[in-house]
Amino acid sequence: METITFDKLLLKTAFCCMASDGKIDKREVELIKKMCKQSPLFIDFDFGKEINILLEKINNRGSEFIQYYFDLLNKSDLSEQEELTIIDFAINTINADDVIEYSEVKFFKAIRKCLNVSDENILAIYPDLDTYLEEDIDTESKLDKLVNNYLKSIELPQFEQIHLENLENE
């Protein structure tokens, strides 16, 4: 398995959260672009190129791409601060379109299972995330079950190329 830089893992997290409901909303794209622009982690970063590489990969590999993301995240050796940054990017992306689908909550729960930060530390920063941290009664707490449950519940469509210039003109 490849190693991935933290900036690419963050972008992949936000991208997967954006696609987790089967729709890519322009508000989500704009937010991810803004988060990348504001973060010191994304220096000399071609957002348009990178986001469309991810788009091509999810279109070509579908659920295999999502599974690979979870494998990368699960095997990454992250500090607590990096894990909290992953959570921040994920939650902000999920909330960007003002519609929270259950598929997005399930996706976040799978992300959460890959991280070591305590629920208490998460809730200290994000007190409204308690429902995101609850165990599902119909699934076991294992990452594979959560990821498979998510992948079974959504059919990933073919997404269209993201044209940043179109977003800015709207």
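Look up a bit, the structure's there.
This report concerns the structure included in the present document. Please read these numbers as outputs of a predicted model, since none were measured by experiment. (Residues numbered from 1 in each chain as written. Predicted model: local features only at pLDDT ≥ 70, side-chain atom pairs only at ≥ 80, totals over all residues. Heavy atoms only, no water.)

### With respect to the layout of surface pockets
Its volume calculated, the largest pocket comes out at about 230 Å³. Every residue along the wall of the largest pocket is listed here: Ile24, Asp25, Lys26, Val29, Phe159, Glu160, Gln161, Ile162, His163, Asn166 and Leu167. Sorting the residues of the lining of the largest pocket by element identifies helix H2 (26-38) and helix H10 (164-169) as the ones contributing at least two each. For the lining of the largest pocket, the residue count by class is 5 nonpolar, 3 polar and 3 charged. (1 Å grid on protein atoms, 1.4 Å probe; cavity = no way out; pocket = protein on both sides within 12 Å on 5 of 7 lines; lining within 4 Å. Points joined across faces, edges and corners; volume = space filled by probe spheres on them. Helix = DSSP H or I, 4+ residues; strand = E, 2+ residues; numbered from the N terminus. Nonpolar A, V, L, I, M, F, W, Y, C, P; charged D, E, K, R; others polar.)

### Let's talk about the pattern of salt bridges
Summed over all chains, the structure comprises 6 salt bridges. For the salt bridge of Lys23 with Glu101, the shortest nitrogen-to-oxygen distance reads 3.7 Å. Of this pair, Lys23 sits in the loop between helix H1 (6-19) and H2 while Glu101 sits in the loop between helix H5 (80-95) and helix H6 (102-113), and the two are 78 residues apart along the sequence. With relative accessibility at 44%, the residue Lys23 sits in the partly exposed group. Overlapping salt bridges, with partners in common, bring together Asp25, Arg27 and Asp98 in one network. (Salt bridge = Lys/Arg side-chain N within 4 Å of Asp/Glu carboxyl O. Buried < 20%, exposed > 50% of the residue type's maximum accessible area, 1.4 Å probe, protein only.)

### Topic: unusual backbone geometry
The bulk of non-glycine residues show a negative phi, and the bulk of peptide bonds are trans. The phi dihedral of Asp44 is positive, around 50°, even though this residue is not glycine. With respect to the element layout, Asp44 can be found in the loop between H2 and helix H3 (47-61). Overall, Asp44 belongs to the exposed group, its relative accessible area being 80%. One non-glycine residue with positive phi stands out, namely Asp98, at about 65°. Position of Asp98 relative to the elements: it lies in the loop between H5 and H6.

### Regarding the packing of helix H4 (residues 63-75) against H6
At their nearest, the axes of H4 and H6 sit 9 Å apart, and the two run at 30° to each other. Contacts between H4 and H6 involve Ile66, Tyr69, Phe70 and Leu73 from the first element and Phe107, Ala110 and Ile111 from the second. Class assignment for the residues of the contact of H4 with H6 results in 7 nonpolar, no polar and no charged. (Axes fitted to C-alpha atoms, helices over the stretch in contact; angles between N-to-C directions. Contact = heavy atoms within 4.5 Å.)

### Details of the nonpolar core
Core analysis: the largest hydrophobic core is formed by 58 residues, its most contacted members being Ile66, Phe70, Ile87 and Ile111. Those residues in contact with Ile87 that lie beyond four places of it in its chain are Phe108, Leu115, Val117, Ile122, Tyr126 and Leu129. (Core = buried A, V, L, I, M, F, W, Y, C linked by side-chain atoms within 4.5 Å.)

### Some thoughts on the packing of H3 against H4
One way to put it is that H3 packs onto H4 with a least axis distance of 6 Å and a crossing angle of 120°. Considering the angle they form, H3 stands oblique to H4. Residues Leu54, Lys57, Ile58 and Arg61 of H3 form the contact with H4, whose participating residues are Ser63, Glu64, Phe65, Ile66 and Tyr68. For the contact of H3 with H4, a count of residues per class yields 5 nonpolar, 1 polar and 3 charged. (Parallel < 35°, antiparallel > 145°, perpendicular 65-115°, else oblique.)

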